[in-house]
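If you want the building blocks of each chain, they are given just below.
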Amino acid sequence: MAKELKLMKGNEAIAEAAIRSGCDGYFGYPITPQSEVMEHLMLEKPWEKTGMVVLQAESEIASINMVYGGAGTGKKVMTSSSSPGISLMQEGLTYLAGAELPCLVVNVVRGGPGLGTIQPSQADYFQATKGGGHGDYQMYVLAPASVQEMYDFVFDAWDIAFKYRTPVMILSDGAIGQVMEKLYVGDYVPRWTDEQIAEKAPWAAFGKPAYRDHNIITSLELDSAKQEAHNHHLQAKYRQMEREDVRFEALDTEDADYLLVAYGSSARIAQKAMQLGKEKGYKIGLLRPITLFPFPTKQIAELASKVKGILSVEMSAGQMVMDVKLAAENKCKVEHFGRYGGIIPTPHEVLEALENQIIKG
Amino acid sequence: MTEEIIIAGFGGQGVLSMGKILAYSGAMQDKEVSWMPSYGPEMRGGTANVSVIISDERISSPIISQFDTAIILNQQSLDKFEHSVKPGGVLLYDPNGIIHPPTRTDINIYKVAATEKSAELGMSKVFNMIVLGAFLKVKPVVTEEFIEKGLQKSLPERHHKLIPANLEAVQTGKSLVETVHKL
């Protein structure tokens, strides 16, 4: 595949990837720090190139329900927003999960709670991985740490969304959304034809052919026995994700005395902290979860029995650290370090926290 | 080689676009680059800053707090970033509007009267390219050839006729830069 070099913001990379990955429709409502997603789509006018629909809805609630409608017909549809907007979408997300509809939702996280700030944050980890909406459901959550990953993960998201018939979230943050880096883009993947949709999404409501009964898309089931069976089925999918689709990156973990666990932009900062720590003679490794659900529990468990301590770094008051602790099962000390409310920790602060809370602590 | 740079000044001075041209030029020269803007409320009519990293290796954090070079275009930015320059690093500033000049003695300090020069030339729009030229004289992290390629890549086609004037401004900056304090 021909690769073309571009220099783009993370948000623009999401939009570019949507067009090039054969996305059928984007429905969104602007909010800082992710407005460049729709801006780039409107500039590129994909409806003229690939036939992709781009629509500015009247609200986030409308956007996510347009996604529900589009996904119900077997189309590749998506939305993007930032924290307060994603909160508005929670009802739609649990309905999408319940009705087993594939779609992509991008959250370029900003500091909260409430309207909060427009600066980067990672305080939506719980919302993304522990429900957000009501009921027992999970989304598959990808955490990109570079502009290239913002692009690549859109393609991966479609594969996962249709493999499992599930909403996929790309959980990014203001820093990865706004930073501009080198990006290699590939050829345009054509949008699915009606025949391809019929083949790849036979469950979808794209019109009833004579050979089969009606397809019904719903998250409602008033018979509790059937609803429990449906829950078993959903849980089986989540267990399959845990077996087959956990993704992570391990840097210098083989002979590490201390382990940093961080995702997204915190992982980039942690990597720099790791370099600074090495100059001081510390053996530091970095485990970067790429999927936040399913979480790399097994990998962290293995490392927990080898290292002297783990520092979980996240721009929050301590959310992912809960999963790190569950994985480590008290085999070593696990601490959290974070700045929040839109403040980004410096690599020096991360190293200092590692020294104070783990190495000397 | 890794060069970590902050460019800071007023919104409208071309701070972000100067960073963009630098990043594009680095990318054209096959370097790893990152460009991280301030996008907070301050950019809406106040100060603007952008950190640019140009490196031969994969860039770890695009978010940095200490810099090899600070390019400073107003007093507020000087106050904010003078102490974030790494010891032995470079501070380049435009003296226009600077009431309290930098005082550090453990860094190299240069100045470029770009505001004055661009006004004199009647070309206020190339102000940032004069500053960029001054920076490249002090730290030749990208070559001239790639600045031209960077301009071609970052400017829309309809503005390509302005490239020669921009390159000339880079030359002006190179000859205009003055040493204030050298280690």
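No experiment lies behind these values; they were computed from the predicted model shown.

Examining the overall build of chain A
In terms of regular secondary structure, chain A is built from 15 helices and 14 strands. In terms of its C-alpha atoms, chain A occupies a principal-axis envelope of roughly 70 × 50 × 40 Å. Within chain A, buried positions represent 60% of all 361 residues. Summarising the internal contacts of chain A: among those between residues at least 6 apart in sequence, 79% fall at separations of at least 24. About 14100 Å² of surface is accessible on chain A, with carbon and sulfur atoms providing 52% of the total. Taking the 36 positively charged and 45 negatively charged side chains of chain A as two groups, their mean positions are separated by 3 Å.

Quick word on the overall build of chain B
When helices and strands are counted, chain B shows 6 helices and 7 strands. Its helices and strands taken in sequence order, chain B reads β-α-β-β-β-α-β-β-α-α-α-α-β from the N to the C terminus. The globule rule puts the C-alpha radius of gyration for 183 residues at 16 Å, and the 15 Å found for chain B is close to it. Overall, the C-alpha framework of chain B stretches about 40 × 40 × 35 Å when taken along its three principal axes.

Quick notes on helix H6 (residues 163–176) of chain B
Residue and element names in this part refer to chain B. The end-to-end C-alpha distance of H6 is 20 Å, a good match for the 20 Å that 14 residues give at a rise of 1.5 Å each. Turning to H6, its buried residues are Ile-163, Asn-166, Leu-167, Ala-169, Val-170, Thr-172 and Gly-173. In the core, the buried residues of H6 are packed alongside helix H3 (114–121), helix H4 (127–138) and helix H5 (144–154).

Side note on the pattern of salt bridges
Once their charged atoms are close, side chains differing in charge can pair, the charge on each being opposite to the other. All names here are of chain A. Counting across every chain of the model gives 29 salt bridges over all chains. Asp-252 is paired through a salt bridge with Lys-278; the nearest N and O atoms lie 2.4 Å apart. Of this pair, Asp-252 sits in the loop between strand E9 (248–251) and strand E10 (258–261) while Lys-278 sits in helix H12 (residues 264–279), and the two are 26 residues apart along the sequence. When salt bridges that share partners are traced, they join Glu-4, Lys-6, Glu-16 and Arg-20 into one network.

So, helix H11 (residues 224–244) of chain A
Structural remark: α-helix, 3.6 residues per turn; residues separated by three or four positions point the same way. With 21 residues, H11(A) ought to run about 30 Å at 1.5 Å a step, and its terminal C-alpha atoms sit 30 Å apart, in line with that. Of the surrounding elements, those touching the buried residues of H11(A) are helix H6 (90–98), strand E6 (140–142), helix H8 (147–164) and strand E12 (291–293) of chain A.

Thoughts on the interface of chain B and chain A
Every contact between the two is made by 27 residues of chain B and, on the other side, 26 residues of chain A. Among the residues of chain B in contact with chain A, Tyr39(B), Ser60(B) and Ile63(B) are the three that bury the most area, contributing 31% of the side total. Between the two partners, chain B and chain A, sit 3 salt bridges. Lys272(A) is the salt-bridge partner of Glu4(B), the closest N and O atoms lying 2.8 Å from each other. Along the contact surface separating chain B from chain A lie 8 residue pairs in polar contact (both at pLDDT 80 or more). Those elements that provide at least two residues to the side of chain B that touches chain A are helix H1 (15–28) and strand E2 (32–37) of chain B. Ranked by residues supplied to the side of chain B that touches chain A, first place goes to E2(B) with 6 residues. Residues of the side of chain B that touches chain A, tallied by class, amount to 13 nonpolar, 6 polar and 8 charged. Sheet topology places strand E8 (residues 180–185) of chain A next to E2(B); 2 bridges connect them, and they run antiparallel. In the sheet register, Met180(A) faces E2(B), and the bridge partner there is Trp35(B).

Reading guide: rules and limits
Residues numbered from 1 in each chain as written. Chains lettered and ligands numbered in written order. Predicted model: local features only at pLDDT ≥ 70, side-chain atom pairs only at ≥ 80, totals over all residues. Heavy atoms only, no water. Helix = DSSP H or I, 4+ residues; strand = E, 2+ residues; numbered from the N terminus. Buried < 20%, exposed > 50% of the residue type's maximum accessible area, 1.4 Å probe, protein only. Contact = heavy atoms within 4.5 Å. Areas by Shrake-Rupley, 256 points an atom, 1.4 Å probe, with all protein chains shown as cover. Lys, Arg positive; Asp, Glu negative; His and termini not counted. Charge placed at Lys NZ, Arg CZ, Asp CG, Glu CD. Rg over C-alpha atoms; globule rule 2.2 N^0.38 Å. Expected span 1.5 Å × (residues − 1). Salt bridge = Lys/Arg side-chain N within 4 Å of Asp/Glu carboxyl O. Buried area = accessible area lost by both parts, 1.4 Å probe. Polar contact = N/O pair within 3.5 Å; in protein donor to acceptor, adjacent residues only side chain to side chain. Nonpolar A, V, L, I, M, F, W, Y, C, P; charged D, E, K, R; others polar. Pairing = 2+ DSSP bridges.

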